[in-house]
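Chain by chain, the residues run as shown.
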Amino acid sequence: MFENLDLQKAEPIILGIESSCDETAAAVIRGRKILSDEIASSASIQAEFGGVVPEIASRAHTDEIARVVERAVKNAGITYEDIDAVAVTYGAGLLGALLVGVSFAKAFAYALNKPLIAVNHIRGHLAAAYLDAPELKPPFVTLLASGGHTAILYAKSESEFEILGATLDDAAGEAFDKVARVLGLKYPGGPNIERCAKEGEANVPMPKMLKGGGGYNFSYSGLKTAVINYCHTKEQKGEEYSKADVACSFQRAAVDVLVEKTVAAAKEKGVDTVTAGGGVAANGYLRESLAKACKKGKLKLVLPEKRYCTDNAAMIASEGLVQYRLGNFADMTLTAKASIPLAATLETVQSRAAKAKET
Ligand code: KG4
Ligand code: ZN
């Protein structure tokens, strides 16, 4: 199927669909240009439960998906016929939630006789850097900081990555979410920590273990425990403490190590460009610090806009474009996957031509 497609077509139109967590999203890109980007979120309903309830997320996706896709196509100013391929997140994420997007995309691609592309959510976060950035070309060093993964990667090409360093325990986003809970801040934790930190000062001592050593690896469990212990000790002693100061101190410690190690890795690799992706890359303090450090290190920084760091479908379409160029299409046996280890996520995606040679 689709053997005669022109994979090198100048600006393919890709429809991206994302439903791995609590956001039902669809977007259309032409080449790297975003034509439309629609999101319906159940986050406000989830906030009442203090986190994502999978069943609620699945139901919300089912309710919204057809409307969201229709809106994305309409707002892109294209017709269904104009679409060159349908890219959908197949993992990792909540199984029921993913299945809604995958089933919809399969039916949609089949009905329109368009190629289907299976996108790994984390590869989508990495490909967000290419959106509206026609000049961005590998090699570069990229900081992946999401809710489930945190790593510093060397992007050899659009489809080949090498892990330079990674968290030894919790992901950065996970640490933000856990600390938010300890401070009594609502879900989602990251943006609420950022807001709270603006009112405070970084005067609460944080563990030094994150700095230096360990190559480009880092650890968040010590930092998280330090914050929990600080708050619990204060509470047990009946002493007042400033949540804003704790949030500010934590945010600084959590972000500084990422910025420092990303820039050091870029220098060692001899690249001239740094990118970042994942929900934590939407953090204002991280963005400012990374910009300052890159400027000092004479490195070019390509940061996706904040809304393309958190979950969205434009990033899925962007990775879809990478796969389209490789002719890497899925068939109707595609199914959802709840978890995919980082190593498997970053496996080199072979082009259709290379695969054909092997068999
Ligand atoms: O990248 P993402 O969608 O997660 C995965 O795909 O795994 O991002 C979600 C994570 C959450 O942990 C959330 O708290 C964090 O990103 N996050 C932030 C901010 N916005 C989202 N963390 C810090 N500051 C923010 N502004
Ligand atoms: Zn995500």
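Quick caveat: nothing in here was measured; it's all calculated off a predicted structure. (Residues numbered from 1 in each chain as written. Chains lettered and ligands numbered in written order. Predicted model: local features only at pLDDT ≥ 70, side-chain atom pairs only at ≥ 80, totals over all residues. Heavy atoms only, no water.)

Q: Before we move on, could you go through the packing of aromatic side chains and cite the residues and values that matter?
A: The geometry of an aromatic ring pair comes down to the distance between the two centres and the angle between the two planes. Taken as a whole and judged by the stated rule, the model has 8 aromatic pairs. With a centroid separation of 6.4 Å and an interplanar angle of 75 degrees, the aromatic rings of Phe2 and Phe329 are classed as edge-to-face. Residue Phe2 is found in the segment before β1 (13-18), and its partner Phe329 is found in the loop between α10 (314-326) and α11 (342-345); the two are separated by 327 residues along the sequence. Residues Phe104 and Phe108 carry aromatic rings whose centres are separated by 5.8 Å and whose planes lie at 20 degrees to one another, so their mutual orientation is stacked. Of this pair, Phe104 and Phe108 are both found in helix α3 (residues 95-112), 4 residues apart, which corresponds to roughly one turn of the helix. Ring pairs connect the aromatic residues Phe2, Tyr324 and Phe329, which therefore count as one cluster. The ring centre of Tyr154 lies 4.4 Å from the NZ or CZ of Lys269, which sits over that ring. (Phe/Tyr/Trp six-rings, centres within 6.5 Å; stacked < 30°, edge-to-face > 60°. Helix = DSSP H or I, 4+ residues; strand = E, 2+ residues; numbered from the N terminus. Lys NZ or Arg CZ within 6 Å of the ring centre and 35° of its normal.)

Q: Give me the lowdown on α3, citing residues and values where you can.
A: The end-to-end C-alpha distance of α3 is 25 Å, a good match for the 26 Å that 18 residues give at a rise of 1.5 Å each. Where the residues of α3 are buried, they touch β1, α2 (54-75), β4 (85-91) and β5 (116-120). Two residues or fewer past α3, Asn113 is found with a positive phi of approximately 55 degrees. (Expected span 1.5 Å × (residues − 1). Contact = heavy atoms within 4.5 Å.)

Q: Explain the pairing of strand β8 (residues 160-166) to me, using residue names and the numbers behind them.
A: With 6 bridges joining them, strand β7 (residues 150-157) and β8 adopt antiparallel strand pairing. Bridging from a neighbouring strand, Ile152 pairs with Gly165 of β8. Connecting β7 to the antiparallel partner β8 that follows it, the hairpin turn spans 2 residues. (Pairing = 2+ DSSP bridges.)

Q: Describe the packing of helix α6 (residues 189-197) against helix α8 (residues 243-269), listing the residues and the values that go with them.
A: At their nearest, the axes of α6 and α8 sit 8 Å apart, and the two run at 115 degrees to each other. Judged by the angle between their axes, α6 and α8 are roughly perpendicular. Here α6 runs over α8; the crossing is left-handed. Counting all contacts with α6, which are made through Ile193, Glu194, Cys196 and Ala197, the residues of α8 involved are Lys243, Ala244, Ala247, Cys248, Phe250 and Gln251. Looking at the contact of α6 with α8 residue by residue, the class counts come to 7 nonpolar, 1 polar and 2 charged. (Axes fitted to C-alpha atoms, helices over the stretch in contact; angles between N-to-C directions. Parallel < 35°, antiparallel > 145°, perpendicular 65-115°, else oblique. Left-handed = near helix turned anticlockwise from the far one by under 90°. Nonpolar A, V, L, I, M, F, W, Y, C, P; charged D, E, K, R; others polar.)

Q: Which residues make up the site of ligand 1, and what values do they have?
A: Around ligand 1 sit 18 residues, and of these Gly147, Asp177, Glu194, Gly279 and Asp311 come closest. Gly190 places a main-chain nitrogen or oxygen 3.0 Å from an oxygen atom of ligand 1. Within the side chain of Asn283, one N or O atom sits 3.0 Å away from a nitrogen atom of ligand 1. For ligand 1, whose unbound accessible area comes to 560 Å², protein coverage reaches 86%. When residues of the shell around ligand 1 are traced back to their parent elements, those giving at least two are α4 (121-127), α5 (172-182) and α6. Taken together, the residues that form the shell around ligand 1 break down as 4 nonpolar, 11 polar and 3 charged. (Near = heavy atom within 4 Å. Polar contact = N/O pair within 3.5 Å; in protein donor to acceptor, adjacent residues only side chain to side chain. Areas by Shrake-Rupley, 256 points an atom, 1.4 Å probe, with all protein chains shown as cover.)

Q: For the pattern of salt bridges, give the residues involved together with the corresponding values.
A: Tallied over the entire structure, the rule returns 15 salt bridges. With a closest N to O distance of 2.5 Å, Arg307 and Asp37 form a salt bridge. Note that Arg307 is positioned in the loop between β10 (300-302) and α10 and Asp37 in strand β3 (residues 33-41), a separation of 270 residues in sequence. Overall, the relative accessible area of 13% leaves Asp37 in the buried class. Its salt-bridge partner being Asp170, residue Lys224 comes within 2.9 Å of it at the nearest N-O pair. One end of the pair, Lys224, is in helix α7 (residues 221-236); the other, Asp170, is in the loop between β8 and α5, with 54 residues separating them in the sequence. (Salt bridge = Lys/Arg side-chain N within 4 Å of Asp/Glu carboxyl O. Buried < 20%, exposed > 50% of the residue type's maximum accessible area, 1.4 Å probe, protein only.)

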